[in-house]
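# Breakdown of the fold
Single-letter residue listing:
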Amino acid sequence: MVIEISCEEVWREISNYLENDVSPQLRARLEAHFKGCAHCTAVLKGAGNVVQLVNDGSVFDLPDGFSNRLYKRLQDRLATGRRKSHH
Amino acid sequence: MSDIDAINAAKTQFREAYNTGDVDRLLSVFADGFADLSAGVPTFFGKEAKSVLRSRTVNLFQNYRANLLVTIMSIRVVHTTAYDFGWHTLTLVPHKGGEPITSRRRYFELWHKGTDAKWRIELFIDNPDLPPAMPDCETNLLSVYLQGSQ
């Protein structure tokens with residue numbers, strides 16, 4: 001028999017669930033809850049998407065030289081800011 | 001077992017009682033003299049409430065096979081009192097055949113922990129749920145409130 005679990009408890013366990021770091025009993029409770037709760041299913045999908053984006057390096061492929069250009073622009077901006085604050 | 005786990009387990013008894021058509025199991029989750037403020041039926045509280053609930057559910061299970069889905073939004077515990085709220089989605093399949101009837105209600109329950117350390121429902125109230133909507137879609141909100149005052 002699967003014991004109930006509240007939305008608030010589900011939210012606390014969602015990252016552990018996504019990382020497969022929950023007991024079989026808790027997994028069964030969470031999955032039973034997801035079947036009936038559109039709100040928590042949406043939270044689960046959202047959290048899953050974030051984890052997937054972070055883990056999927058190809059999503060963050062940046063153009064060649066992007067990092068160098070960004071670094072230089074930041075440096076220039078900082079230097080300009082410093083000069084202005086000295087005057 | 002923590003108080004929250006105990007209330008989760010009591011709600012499981014509540015659900016399983018519906019799904020197995022077990023009236024005594026359902027009544028065991030309610031305190032003697034609880035207040036029943038269920039939607040669509042007259043209010044009962046005190047000694048009558050449990051016998052009325054028994055009569056209602058005996059009648060229900062005689063005519064339908066029930067499938068209850070419980071979604072608890074939150075459980076809050078303060079000493080020997082607690083409350084929880086969420087949704088009950090009840091599907092009734094007529095024994096005589098016919099289309100299943102599904103209703104989704106949002107509920108609030110007030111619990112009390114007895115001297116036997118068991119949590120029981122002291123007050124139950126629910127009303128029909130509505131589909132999710134953005135606040136700016138609720139243009140007829142005033143008319144909905146006024147309907148109840150007639």
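Residues numbered from 1 in each chain as written. Chains lettered and ligands numbered in written order. Predicted model: local features only at pLDDT ≥ 70, side-chain atom pairs only at ≥ 80, totals over all residues.

## Remarks on the overall build of chain B
Along chain B, the regular secondary structure elements total four helices and six strands. Beginning at the N terminus, the succession of helices and strands in chain B can be written as α-α-β-β-α-β-β-β-β-α. Counting only C-alpha atoms, chain B reaches 50 × 45 × 30 Å along its principal axes. Per-residue burial for chain B yields a buried fraction of 20% across its 150 residues. Considering only contacts within chain B whose residues lie at least 6 apart along the sequence, 49% involve residues at least 24 apart. (Helix = DSSP H or I, 4+ residues; strand = E, 2+ residues; numbered from the N terminus. Buried ≥ 20, exposed ≤ 12 C-beta atoms within 10 Å, placed from the backbone. Contact = placed C-beta atoms within 7 Å.)

## Observations regarding the sheet that holds strand β5 (residues 101-113) of chain B
Residue and element names in this part refer to chain B. Pairing in this open sheet of six strands is mixed, and the strands run β2-β1-β6-β5-β4-β3 from one edge to the other. The open sheet has two edge strands, β2 (44-45) and β3 (64-78), and neither has a second partner. Taken together, the 12 bridges between strand β4 (residues 81-94) and β5 define a ladder with antiparallel strand orientation. Paired with A82 across the two strands is W111, which belongs to β5. Helix-sheet contacts for helix α1 (residues 3-20) involve β3, β4, β5 and β6 (119-128), and the interaxial angle to β3 is about 165°. (Pairing = 2+ DSSP bridges. Axes fitted to C-alpha atoms, helices over the stretch in contact; angles between N-to-C directions.)

## Remarks on the confidence of the model for chain B
On average, chain B scores 93 in pLDDT, and the residues at 70 or more come to 91%. Scoring the predicted complex yields pTM 0.80 and, for the interface, ipTM 0.82. (pLDDT = per-residue confidence, 0-100.)

## Focus: unusual backbone geometry
Phi at N20 of chain A takes a positive value of approximately 60°, unusual for a residue other than glycine. By secondary structure assignment, the location of N20 of chain A is in the loop between α1 (7-18) and α2 (24-36). Unlike most non-glycine residues, A117 of chain B shows phi in positive territory, near 70°. Topologically, A117 of chain B is positioned in the loop between β5 and β6. Overall, the presence of 10 C-beta atoms within 10 Å leaves A117 of chain B in the exposed class.

## Comments concerning the interface of chain A and chain B
Taken together, the contact pairs 10 residues of chain A with 14 residues of chain B. Of all the secondary-structure elements, those providing two or more residues to the side of chain A that touches chain B are α1 and α2 of chain A. Here the residues of the side of chain A that touches chain B are counted per class, giving five nonpolar, three polar and two charged. (Nonpolar A, V, L, I, M, F, W, Y, C, P; charged D, E, K, R; others polar.)

## Details of the packing of α1 of chain A against α2 of chain A
Residue and element names in this part refer to chain A. Closest axis-to-axis distance for the α1/α2 pair is 11 Å, and the angle between their directions is 115°. As for how α1 packs across α2, the hand of that crossing is left-handed. In this structure, α1 contributes V10, E13 and Y17 to the contact, and α2 contributes L26, R27, L30 and H33. (Left-handed = near helix turned anticlockwise from the far one by under 90°.)

## A few points about the pairing of β6 of chain B
Residue and element names in this part refer to chain B. With four bridges joining them, strand β1 (residues 30-37) and β6 adopt parallel strand pairing. Bridged to A35 within β6 is L123. For β5 and β6, the ladder comprises nine bridges, and the chain directions are antiparallel. Of the residues in β6, the one forming a bridge with F108 is I125. Where β5 hands over to β6, the hairpin turn is made up of five residues, of which A117 adopts a positive phi near 70°.

## Some remarks on the environment of V51 of chain A
All names here are of chain A. Inspection of the secondary structure assignment puts V51 in helix α3 (residues 38-55). Exposure remark for V51: the 14 C-beta atoms within 10 Å place this residue in the partly exposed category. V51 sits 36 residues away from S15 along the chain, and the two C-alpha atoms are 9.0 Å apart.

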